[in-house]
Amino acid sequence: MFNGTLFQQSLQDLVKGIRAHRRDEDEYVRTKVAEIAEECRSADHAKKATAVLKLTHLQMMGHSIAFASFHIIEVMSSSDFFSKRIGYLAAAQSFSPTTDVLLLTTNQFKKDMTSVKMQDCSQALTCLAKLVTEELGRDLESDVSLLLNSPRPYIRKKALLVLYRLIMVHPDTLPVVSARFKERLTDKDPSVICAAVTVTCELARASPRSFLSLAPVLYQLLMSKDSSNWMLIKIVKLMGVLTPLEPRLGKKLVEPLTTLMRSTRAKSLLYECCCTVTLGLLSYPEAVELCAQRLGEFMNDRDQNLKYLGLLSMRRLIQEHPQVALEHRDNIIDCLDDEDIGIRMRALELVSEFITKRTLRDVSRILLRKLRKSCSDEFAVGEGLESGNNSSVDDLEKLLLSSARGREAPYRSALAKELLKVGEFRRSSDPGKRGYEMLSTGDDFAWYVNVILGGLAEIPMLPPDIRDIVGEQLLEITSRVEAIRPVCVKIALALLEMRTGSADSADLKRALEEDHTEHDESDHDSNTDNDETVSEGEKTQSKKPSAFSSKPVLSANLAGNAAWVAGEYAELIENHVRACRIVTEFPKKHLDAAAQVRVLTASIKVYVSCSDDAVDDLRPVVLNYTKSLLSSQFAEVQERACFFKAILTEVEGSERNMLAPLFEGKLIPVDYRAQSKVPVSPDLDLDTPLLDTGSDSLYTYLLKTIGTPEDEVEVGDDDSDLFKEFAFGSVTLSLSERPIGLATGATSSAQTTLLNNLPGAHDKTDSPFYLGSSTAKEKERMANKAVPSGLEEETRFKYEAGKVSTEAAVVISEENPLGLDLSDEERTHKVSAEGTERYDAAFEGAFDQPQKATASKVEKRKKRKRKKKKEGKSGPKSKTNGGVAQTKDDQPSLIDFDSDPIEAEGSSTTTAPKVSVNLTESLI
Amino acid sequence: MIHWILLINRQGKVRLSKWYESFTETERSAILRDVQSHVLTRSSKMCNVVDRKDNKIVYKRYASLYFIACIDADENELAMMELLHVFVEVLDSYFGNVCELDLIFHFTRAYWILDEMFSGGELLECDKSAVLAAVYSKDAAAEPVPEFAPKTPSGAHVASASHSSRHR
């Protein structure tokens, strides 16, 4: 044994070396890899094994060792168990289904699995469980299934687990082995039964129906006194999967499960029982009651894990039995204060389950308070972070703080969304279910707009998407619910004012409070709470004024919507001068074009609707504001400003009322599906082409018309031609809109006409998309008048916030976003269905009629095998060569292999010498 | 099933990584990054379950080492925690008061122990002494003088005898 190993670096040395070279670890590893590659080529087994061992370590550290795959196989095939063990470990760790030398392992696996030495067999099985691919599985399934009958329980157990992986990659195996597999469920050795149950449980998840026939055996195991906890967990889980398919099973399960839930001291088993009850035994009151009780205990437990899991399964229970939620209400709300955001999120999911009309205000108040608290906590953290810059807070702690900071965001979002759920308009074909479920009286709506929308808008740390929802709901509720428009207008102005900089947040508070007392006099509870939260909010504000004023807290969308509400219902404004000031002073820095247009339009509307004595005060304000926007960077804003300025100058000195017709008539909510109700005119002909292109494709035709020489554009190329036709498909659409475009075209001007008709190069105001993103008031009005049939039932239609024009609505209904979603969903359904189908097909009747199914499958398989044999002779060899040839190209040349060719003495595979030569050749 | 098991220290260094599914290099590093940012930053007062995409990460911390496993969403989290604990107990009896350094210098042995507990992402054996017995028997086959042997001569006997013992 006096060989190279004496001078070889051991694994321990390597580990120490890496630890000593912290600064230049990569450099060090690189030199070591070169060294190890050299060692790999050694003829000495022990040396080679140590080299592979070191590589395994490097692989774990994240370095690629793909170059050594072949050497790993060499070590695997060593007759010495010490080396073999290392080889198998390295293979399991580093090989993937795409490893090209994987095919070379088939024989090695076969050899070791049939070996008399138990450890060889065991090692091979462990490795195979990780590596098995469809191809390996096909070749090795007979060997593995033979091992199911091994005299050693240890091997039977391992073979079962390998079989599971094998079936997953190669489902056809199951029918072949089902009989043997079923025997293992009644094995003498409990650990083998346990493995068999585990595998059944996993397989049943892919295709539960095929495993129903095993239910009696499993039931016996469940009732057996000496089943281990782990096995019981698996059986109980399996039952949870099977009961929905077989109702009779549920009836039989109630008794043993409740007994278990009463007697077991293992929390994991108890939890599993509860899960199974929530999955399959929801119609058995006895089980449900006990389950709720146990889960309640979990939620109360000091152990955070039990709390989390309790909440998790409670949700499934509550969906069927809402009364359980009420019993545990306080418990759940307490969990909202937990330190762990995961627990809070779960609790929040439950909270939504017990919101009813009666509890709505109480629960919302609690949620809003939690939301404010979360924000103020965050500020404390933020301050700590900033002050930590020069003090002693170390890096890790800072990291922790900042990550804690970011992590709260989803919780706040979820809280806010929960609060906003109430204000969602529900659409349904059933009139009884349509509308706002939780809000009915004007008082309710006023409360919602004031407390929830106003409250959320003022919380500084919410993400923009929440603000957008607030804005949309403000708009929608205002237009849907006439009774509360005055309140909405007030809130909208308060929101706008809050961010003008001139007014502090106290103004909003006052406005909110006033409204609140007006509408909520009866509700003392919420009143006091409002006071409380106000003071809380103010504290936050005064604490960190800089952070508030520097950030645009009102999102562009929310500001735009608020401005629209204030403008559209301007006659409800109490003090027009003040309102006008608020609107015109609103900082436009953070607003996009659409929002700026809305604010501008709102200012004009306020001006138009003001009382006579205020006109003179307001005129200069509005005019100045309009003028200031003449040089806006946005074309739309400029255009609108020019337009208004012209009108304002035109009517200067004359009666203000001249402007009133501009905004006459009220907007009515129009459903985006309204277009479908408009009858199609019988003389509308959509089939005849506007442009007769003859036999040419449109593209060629256009080219001819324009007179561009064809060869320059390479029409011949199929792909590009196709693409171009696609691109011009939209031109056809545009052409149909304005038929003058090409028809009149003189050859010289045809080019420009074409460009103008391309989507995007449109005159924007004519494009439906343009309207979709802004609120061009005049067009809206016209559009509304044009589609009377859409207005029959006012409440029926959704007022699409931001997409007010019917033209836009048509576009949306054409694109049908809802339909798209659906088809997406369907697609995923399909995919998953296909996925399970594969198993279903293979598993079907696997246990029901073992005889027949097995026979036919075996026959099929035999045929396939015979076929394979025929092809086989030259097959594997050429494949191997192909595989190795690929190595040549794929291998990154980590190492300089400019030494002698490898001597492949130790290898047992016949192809080895050839391969090694290839390797050296390739890498030089 | 178990998708992967990782042993990571507080600094984020990997001490053991077992992937029961074939992940690409980039997926592995993405998982590692996720774990470092989502698990290592959790305080001791938080629960030991974290959602990750469709799966769940279950972890337990022992001294400076995190034992982390990723399981299917419908798998039993509590049972997985118990299994991680059994693994630690086995390591502890095998190395005798195990510490991080043991795992650094004998990382292959940690893998071999793990392989006796789990195979292909499924539980193979949850009985501590049965796992130990299996490892010892293989050590004996591989090394003429095993570096780690049962502490008492009766240890091996007890281990093999309890091979079929219950864990109730």
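Residues numbered from 1 in each chain as written. Chains lettered and ligands numbered in written order. Predicted model: local features only at pLDDT ≥ 70, side-chain atom pairs only at ≥ 80, totals over all residues. Heavy atoms only, no water.

S.K.: Just give me the short version of the overall build of chain B, but keep the residues and values in it.
M.R.: Counting its regular elements, chain B contains six helices and seven strands. Beginning at the N terminus, the succession of helices and strands in chain B can be written as β-β-α-β-β-β-α-α-α-β-β-α-α. A buried classification covers 60% of the 168 residues belonging to chain B. Partitioning the intrachain contacts of chain B with sequence separation of at least 6 by distance along the chain shows that 51% fall at a separation of at least 24. Total accessible area on chain B stands at roughly 6400 Å², and carbon and sulfur atoms take up 55% of it. (Helix = DSSP H or I, 4+ residues; strand = E, 2+ residues; numbered from the N terminus. Buried < 20%, exposed > 50% of the residue type's maximum accessible area, 1.4 Å probe, protein only. Contact = heavy atoms within 4.5 Å. Areas by Shrake-Rupley, 256 points an atom, 1.4 Å probe, with all protein chains shown as cover.)

S.K.: An account of the interface of chain B and chain A is requested, with residue identities and associated values reported.
M.R.: Taken together, the contact between chain B and chain A spans 66 residues of the former and 66 residues of the latter. Between chain B and chain A the total buried area reaches about 6000 Å² when both faces are included, carbon and sulfur atoms providing 55% of it. The interface formed by chain B and chain A holds ten salt bridges in total. Close ionic contact of A:R205 with B:E75 constitutes a salt bridge, the shortest N to O distance being 3.7 Å. If you look at where chain B meets chain A, you find 28 residue pairs in polar contact (both at pLDDT 80 or more). Going through the elements one at a time, strand 2 (14–19), helix 1 (25–38), strand 3 (49–52), helix 2 (77–95), helix 3 (100–105), helix 4 (107–117), strand 7 (122–123) and helix 5 (128–142) of chain B are the ones with two or more residues in the side of chain B that touches chain A. Its residues assigned to classes, the side of chain B that touches chain A shows 25 nonpolar, 16 polar and 25 charged. (Buried area = accessible area lost by both parts, 1.4 Å probe. Salt bridge = Lys/Arg side-chain N within 4 Å of Asp/Glu carboxyl O. Polar contact = N/O pair within 3.5 Å; in protein donor to acceptor, adjacent residues only side chain to side chain. Nonpolar A, V, L, I, M, F, W, Y, C, P; charged D, E, K, R; others polar.)

S.K.: Tell me about a negative patch on the surface, and name the residues and values.
M.R.: All names here are of chain A. Taken together, the side chains of E255, E286, E289 and E327 make up a negatively charged region of the molecular surface. Mapped onto the elements, E286 comes out in helix 16 (residues 285–300). On the accessibility criterion, E286 (43% relative accessible area) is partly exposed. (Patch = residues over 30% accessible without salt bridge, like charges linked within 9 Å, V, L, I, M, F, W, Y side chains within 5 Å. Lys, Arg positive; Asp, Glu negative; His and termini not counted. Charge placed at Lys NZ, Arg CZ, Asp CG, Glu CD.)

S.K.: Please provide a residue-by-residue account of the confidence of the model for chain B, values included.
M.R.: Considering every residue of chain B, the mean pLDDT works out to 85; 89% of them sit at 70 or more. Low pLDDT, under 50, characterises residues 153–168 of chain B; the stretch is placed with 24 contacts to residues that sit more than four places away or in other chains. (pLDDT = per-residue confidence, 0-100.)

S.K.: So what's going on with the pairing of strand 3 of chain B? Residues and values would help.
M.R.: Residues and elements named next belong to chain B. With four bridges connecting them, strand 3 and strand 4 (residues 55–62) associate as antiparallel partners. Paired with D51 across the two strands is K56, which belongs to strand 4. The antiparallel pairing of strand 3 with strand 4 creates a hairpin that spans two residues between the two strands, and K53 there sits at a positive phi of about 50°. (Pairing = 2+ DSSP bridges.)

S.K.: If you had to explain the nonpolar core to someone new, which residues and values would you point to?
M.R.: Counting 288 residues, the largest nonpolar core has A:F109, A:L456, B:W4, B:I68 and B:F118 as the members making the most contacts within it. For this core, the leading source of residues is helix 2 of chain B, giving 13 residues. (Core = buried A, V, L, I, M, F, W, Y, C linked by side-chain atoms within 4.5 Å.)

S.K.: Lay out the packing of helix 25 (residues 485–498) of chain A against helix 29 (residues 556–568) of chain A in plain terms, naming residues and giving numbers.
M.R.: Residue and element names in this part refer to chain A. Here helix 25 crosses helix 29 at 135°, and the two axes come no closer than 8 Å. Looking at the two axes, helix 25 sits oblique to helix 29. Like other packed secondary-structure pairs, helix 25 and helix 29 cross with a definite hand, here left-handed. Facing helix 25, whose interface residues are C488, V489, A492, L493, L495 and L496, helix 29 presents L558, A559, A562, A563, V565 and A566. Its residues assigned to classes, the contact of helix 25 with helix 29 shows twelve nonpolar, no polar and no charged. (Axes fitted to C-alpha atoms, helices over the stretch in contact; angles between N-to-C directions. Parallel < 35°, antiparallel > 145°, perpendicular 65-115°, else oblique. Left-handed = near helix turned anticlockwise from the far one by under 90°.)

S.K.: Account for the packing of aromatic side chains, naming residues and giving values.
M.R.: Scanning the entire structure with this criterion turns up 17 aromatic pairs over all chains. Where A:Y88 meets A:F109, the ring centres are 5.9 Å apart and the plane angle is 35°; that geometry is what we call tilted. On the criterion of sequence distance, the pair formed by A:Y88 in helix 5 (residues 81–94) and A:F109 in helix 6 (residues 105–113) is long-range, its members being 21 residues apart. Across this residue pair, the class does not change: A:Y88 and A:F109 are buried. Among the aromatic residues, those joined into a ring-pair cluster are B:Y94, B:F95, B:Y136 and B:F148. When the ring centre of A:Y219 is taken as origin, the NZ or CZ atom of A:K252, which lies over that ring, is 4.5 Å away. (Phe/Tyr/Trp six-rings, centres within 6.5 Å; stacked < 30°, edge-to-face > 60°. Lys NZ or Arg CZ within 6 Å of the ring centre and 35° of its normal.)

S.K.: Any chance you could break down a nonpolar patch on the surface for me, citing the residues and the numbers?
M.R.: Residues and elements named next belong to chain A. A cluster of nonpolar residues, V680, L684 and L686, forms a patch on the protein surface that exposes about 350 Å² of accessible area. Inspection of the secondary structure puts L686 in the loop between helix 33 (635–650) and helix 34 (698–706). By relative accessible area, L686 is classed as exposed at 69%.

S.K.: Residues and numbers for the sheet that holds strand 2 of chain B, please.
M.R.: Residue and element names in this part refer to chain B. Sheet architecture is open: five strands sit in the order 2-1-5-4-3, paired in antiparallel fashion. The strands lining the two open edges of the sheet, one partner per strand, are strand 2 and strand 3. Taking the axes of each pair of neighbouring strands and ignoring which way they run, one obtains an average angle of 20° across the sheet. Taken strand by strand, helix 2 contacts strand 1 (2–9), strand 3, strand 4 and strand 5 (65–72), and its axis lies near 35° from that of strand 4.

S.K.: Can you tell me about the confidence of the model for chain A, naming the residues and giving the values?
M.R.: Per-residue confidence for chain A gives a mean pLDDT of 71; residues scoring 70 or more make up 66%. The low-confidence segment residues 501–552 of chain A, where pLDDT is below 50, has 67 contacts with residues more than four positions distant or belonging to other chains.

S.K.: Mind laying out the pairing of strand 2 of chain B, listing which residues take part and the relevant values?
M.R.: All names here are of chain B. Counting buried positions along strand 2 gives six out of six residues, so the element sits mostly inside the fold. Pairing between strand 1 and strand 2: five bridges, direction antiparallel. Bridging from a neighbouring strand, I5 pairs with K18 of strand 2. The hairpin turn running from strand 1 into strand 2, its antiparallel successor, is four residues long, and G12 in that turn takes a positive phi close to 90°.

S.K.: Explain the pattern of salt bridges to me, and be specific about the residues and the numbers.
M.R.: Using the criterion set out here, one finds 47 salt bridges over all chains in the structure. In this structure, the salt-bridge partner of A:D112 is A:K84, at a minimum N-O distance of 2.9 Å. With A:D112 in helix 6 and A:K84 in helix 5, the pair connects residues that are 28 residues apart, well separated along the chain. The two residues A:D112 and A:K84 agree in class, both being buried. With its nearest N and O atoms 3.1 Å apart, the salt bridge here joins B:R109 to B:E143. In this pair, B:R109 sits in helix 4 while B:E143 sits in the loop between helix 5 and helix 6 (153–161), placing the two residues 34 residues apart along the sequence.

S.K.: A description of unusual backbone geometry should follow, citing residues and the corresponding values.
M.R.: Residue and element names in this part refer to chain B. Even without being a glycine, K53 presents a positive backbone phi close to 50°. Tracing the backbone shows K53 in the loop between strand 3 and strand 4. Its identity as a non-glycine residue notwithstanding, N97 has a phi of 55°, on the positive side. When you line up the elements, N97 lands in the loop between helix 2 and helix 3.

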